[in-house]
Amino acid sequence: SAVIYRADYQPPPFWIDTVELCFDLDPAKTRVLNRMKLRRNPDVPQQPLKLDGDELNLARVMVNGQGTSFRMEGSRLVLENLPEGYEPFELEIFTTCSPAKNTKLMGLYVSNDSFFTQCEAEGFRRITYFLDRPDVMASYTVTLRADKQKYPVLLSNGNLVDHGDLDEGRHYARWVDPFRKPCYLFALVAGQLVAREQKIATRNGKEHLLQVYVRPGDLDKTEHAMNSLMASVAWDEARFGLALDLERFMIVATSDFNMGAMENKGLNIFNTKYVLANQATATDTDFSNIESVVGHEYFHNWTGNRITCRDWFQLSLKEGLTVFRDQEFSQDLAGEASARAVKRIEDVRVLRTAQFPEDAGPMAHPVRPDQYLEINNFYTVTIYEKGAEVVRMMQTLVGREGFARGMTLYFQRHDGQAVTCEDFAQAIADANPQSRLHELLPQFKRWYSQAGTPRVKAGAHWDAVTGQYELSLSQSCPPSPGQPAKEPFVIPIAWGLIGPDGREVASGMHVLTQASETLTIPGAPAGAVPSLLRGFSAPVILDFDYTDEQLLALLEHDTDPFNRWEAGQRLAVNRALAAIHGSGEIVLDNAFIGAMRSILRHRTLDAAFKELVLTLPAETYIAEQLDVVDPQRVHAVRESMREQMATALQDDWAWAYEHHKDNGAYRPDPVSSGRRALAGLALTHLCIAARSSGDGVWPGKAYQRFKDASNMTDRFNALSALVVSGQDLARSALDKFHCMFKDEPLVLDKWFSLQAGAPDRGGNILPAVRQLMQHPDFNIRNPNRARSLIFSYCSANPGAFHRADAAGYVFWSDRVMELDAINPQVASRLARALDRWRKLAEPMRGAAREAIARVAGKPDLSNDVREVVTRALA
Ligand code: B3K
Ligand code: ZN
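Residues numbered from 1 in each chain as written. Chains lettered and ligands numbered in written order. Predicted model: local features only at pLDDT ≥ 70, side-chain atom pairs only at ≥ 80, totals over all residues.

In the nomenclature of an unreviewed UniProt entry, the protein chain is known as Aminopeptidase N of Ramlibacter henchirensis. The protein chain has a UniProt comment under Catalytic activity (unreviewed entry) that states "Release of an N-terminal amino acid, Xaa-|-Yaa- from a peptide, amide or arylamide. Xaa is preferably Ala, but may be most amino acids including Pro (slow action). When a terminal hydrophobic residue is followed by a prolyl residue, the two may be released as an intact Xaa-Pro dipeptide." Recorded in UniProt under Sequence similarities (unreviewed entry), the annotation for the protein chain is "Belongs to the peptidase M1 family." (UniProt positions renumbered as here; feature names shortened; annotations may be inferred.)

In structure tokens, the structure reads:
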């Protein structure tokens, strides 16, 4: 199959108005009867009907009740002798498929003896022949038939209109979805499931039923998901006036799932990881992820489902916007300004550690890509997180109320349609005719068309005579695949000026549109420090030659919490880079240690914020600042910095631990989770310091904490402190942990992942990973388990993965090929672990290229993996 181009978009030659699906569910052979009403699209020249299909067995095709001729074109079903004219006709297709053999987890598959579907992006064609594209929107009626004992619960989109018993112990259920939808939003679920239910009333007084379906035995882990769902419904009404449009809204959890969750209309299907939680099994991070993913999928009901994408190149239309919405939701729920800032810092950290490298690597693509071989490869941090930043900049340029007005206009114009990113931007701008966005719209849209992370270089000049502070700003953007030269972007730069006494002198918003500009701030005192790109007001890299003194001043005084945190990160990165470029040795200076101490001991700062400041920048983030990367050297320098922070601040860590470890009855709120996070960071540093000194007190305390903890956050933090610091007690704690949670798959995932992600000591991690692959609880077919072991090693442990003997890369290529035969989507995610191979120092660089070439040379690769490795070598 071949590359698909955005420029080639053509409207569909036929419309499908209604679809009646009838399933006889059987794991080995499911029978699917598909009865559709179609008509020719009068706007398109007459042509044959070509229906997508994949791994289907075709039994019968009928047009208006009569047999008809057809032919196959590859896996597509082609019908040439259809009625002329534009009258609707009926097409009936009868196929079978084998859900039990479906290891790709796309289409209809079996997990734990239940049936699930995943249709986005192109899974519906694995269920029946169809025009599998998002701009074909139809009304669905679905009848499910199955053995009543094995599959007591039968679910599909919309409302249950009929159900009852059949012969031979079978039963049926019929569902009607009142909304037209693209086929990627179709879903069915059948199995032994139980539900937590909640009735709610929306503002207009309508009653709705919310349900969270899980396996029997998991019901005690559904309260948080249900609370998050209720909060999501209330938030979308309050902030955007978007009410729940369905009588019934269902969430179903499955432990075999390719990604996080899926927004099927009225029947969201979730990875168990983003549903199941109680204090004994889930950490604070799990609780907060559940809140955002439940919100995200719920918000898709309007942004994605009511208004969908014209084609898959427009994916960020729904994903970028919906990530923006879930980020805003979590910030609004967090409440206070300081808690909002913590969430913002966490989101930016994801963008900079994952999306910036993507945007600088072989898979770089615009937020609205121009081409793809396999669309599943484009569910990326660029489409999602950078896409969300683009929406956020629009909100910045039109204001919060202006943005809400823009959303209202977007729904007035496009409800029920399949549209483009341009349509969205146009609606936001048109609702704000006086705004900078409206004025700059054509240039602003370059954020959709140009890939790569822009760099903004800033320089400062202060005139002692006039008191004018001049900031010179220039922008550039490096080339990316297929885009050698870039035009200037619209870059909103929130700024402030901090006086020598620590007080803010001035602040504002500058919208940079030219390649270079000068910003003049009058009345500035001597020694003022600029605080630039506050709140990370644009997804760019800011170059400004801050002195240590300036950064220390910002860390102490900046009124913008994001830049306060950023100042600490810059201090740390500068030190790491100096050591990496130098001898590889590093001795942390008193100024840095002292600044970290003042933050840690600060009287008014939140624990959550302290934890973020005291956490060193990630190895991958440091690596991005280098032209040539020796990951083991980066790792060694960062480890050494952490050891010195552990030792030099030992008393302060002990104080922090004692003052934050007790938090009363467990609640996953921002304040107490921040306290737990800081206590956990303190414990890790205390165990690291103990390893250098050989002291047994803190490891003993950590072990005790591990045993006594009343919640998973504290227990796992204690376990992790022992493992990360390489304490002897780690082994026995790990064994105990496995024994305690052997029946909790999501906790076992943590157990695998912690070991695969641990700091490498003399090359010990790879053998440990290989051994864990033999563990009876390991199963490469389960995506969560594969990710917890293999990805934690290959993608999240650079110091252990990039070995000079290339054994890490050999392991990687074996797993990519092994997984590709089972599940191409999972395999191609793993394939991305070597995206940045060109930056590696020798001998890693050559060895990595060889490993990629080895994968690329394998015959019968999936499109998914082939696209990733071919681009990597290009
Ligand atoms: N829309 C789905 C992702 C589907 C991925 C298909 N490979 C989940 C989400 O973004 O909400
Ligand atoms: Zn989404």
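Concerning the UniProt feature "domain: Aminopeptidase N-like N-terminal" (unreviewed entry) in the protein chain
The UniProt record marks residues 88-185 with the feature "domain: Aminopeptidase N-like N-terminal" (unreviewed entry), using the residue numbering of this structure. Along residues 88-185 one finds 0% helix and 51% strand; the C-alpha atoms at either end are 24 Å apart. (Helix = DSSP H or I, 4+ residues; strand = E, 2+ residues; numbered from the N terminus.)

A closer look at the pairing of strand S20 (residues 248-254)
Among the seven residues in S20, six count as buried, and that is most of the element. Note that strand S19 (residues 207-214) and S20 share five bridges and pair parallel. When the bridges of S20 are listed, Tyr 213 appears paired with Val 252. Taken together, S19, helix H1 (residues 223-240) and S20 form a β-α-β motif whose crossover is left-handed. (Buried ≥ 20, exposed ≤ 12 C-beta atoms within 10 Å, placed from the backbone. Pairing = 2+ DSSP bridges. Right-handed = clockwise from strand over helix to strand, strands pointing away.)

Quick look at the domain arrangement of the protein chain
Once the domains are mapped, the protein chain shows domain 1 (1-191), domain 2 (193-302), domain 3 (316-323 + 337-449), domain 4 (455-541) and domain 5 (741-874). Each of domain 3 and domain 5 has a C-alpha centre, and these two points are 31 Å apart. Taken together, the residues that form the side of domain 3 that touches domain 5 break down as four nonpolar, three polar and two charged. (Domains from an automatic or database assignment. Nonpolar A, V, L, I, M, F, W, Y, C, P; charged D, E, K, R; others polar.)

A look at helix H6 (residues 421-430)
Within H6, the full set of buried residues consists of Cys 421, Phe 424, Ala 425, Ala 427, Ile 428 and Ala 429. Buried residues belonging to H6 abut helix H3 (315-334), helix H5 (381-414), helix H7 (436-444) and helix H8 (446-449). (Contact = placed C-beta atoms within 7 Å.)

What to know about the sheet that holds strand S30 (residues 516-521)
Reading across the sheet, the four strands line up as S30-S27-S26-S32 and stay open at both edges, with mixed pairing between neighbours. If you trace the sheet from one side to the other, it starts and ends with S30 and strand S32 (541-543), each paired once. Adjacent strand axes in the sheet meet at a mean angle of 25°, parallel and antiparallel pairs treated alike. For strand S26 (residues 455-462) and strand S27 (residues 469-476), the ladder comprises eight bridges, and the chain directions are antiparallel. Bridged to Ala 460 within S27 is Leu 471. (Axes fitted to C-alpha atoms, helices over the stretch in contact; angles between N-to-C directions.)

Description of the UniProt feature "domain: Peptidase M1 alanyl aminopeptidase C-terminal" (unreviewed entry) in the protein chain
If you check UniProt for "domain: Peptidase M1 alanyl aminopeptidase C-terminal" (unreviewed entry), the listed places come out as residues 548-874 in our numbering. With 71% helix and 0% strand, the stretch residues 548-874 has end C-alpha atoms that lie 41 Å from each other.

As for the site of ligand 1
Taken together, the residues surrounding ligand 1 are Glu 120, Ala 121, Met 259, Ala 261, Met 262, Glu 263, His 296, Glu 297, His 300, Glu 319, Asn 376 and Tyr 379. The class makeup of the residues in the shell around ligand 1 is five nonpolar, three polar and four charged. Composition of the shell around ligand 1 by domain shows at least three residues from each of domain 2 (193-302) and domain 3 (316-323 + 337-449). (Near = placed C-beta within 6 Å.)

Let's talk about the nonpolar core
In this structure, Val 189, Val 252, Val 275, Met 394, Ile 428, Leu 722 and Leu 830 are the most contacted members of the largest nonpolar core, which totals 263 residues. Residue contributions to this core peak at 12 residues, all from H5. (Core = buried A, V, L, I, M, F, W, Y, C linked by C-beta atoms within 7 Å.)

Regarding the confidence of the model for the protein chain
The predicted model of the protein chain has a mean per-residue pLDDT of 98, with 100% of residues at 70 or higher. Note on the complex model: pTM 0.99, ipTM 0.99. (pLDDT = per-residue confidence, 0-100.)

Structural notes on the pairing of strand S31 (residues 529-532)
With burial as the criterion, each face of S31 is covered, one bearing Val 529 and Ser 531 and the other bearing Pro 530 and Leu 532. In this sheet, S31 lies alongside strand S28 (residues 491-498) in antiparallel orientation, the contact comprising four bridges. Across the sheet, the residue bridging to Trp 495 is Leu 532, located in S31.

Examining the environment of Leu 748
Topologically, Leu 748 is positioned in helix H20 (residues 745-756). When the C-alpha positions of Leu 748 and Pro 12 are compared, they lie 47 Å apart, and in sequence the two are 736 residues distant. Setting aside anything within four residues of it in sequence, one finds Leu 748 in contact with Phe 741 and Asp 777.

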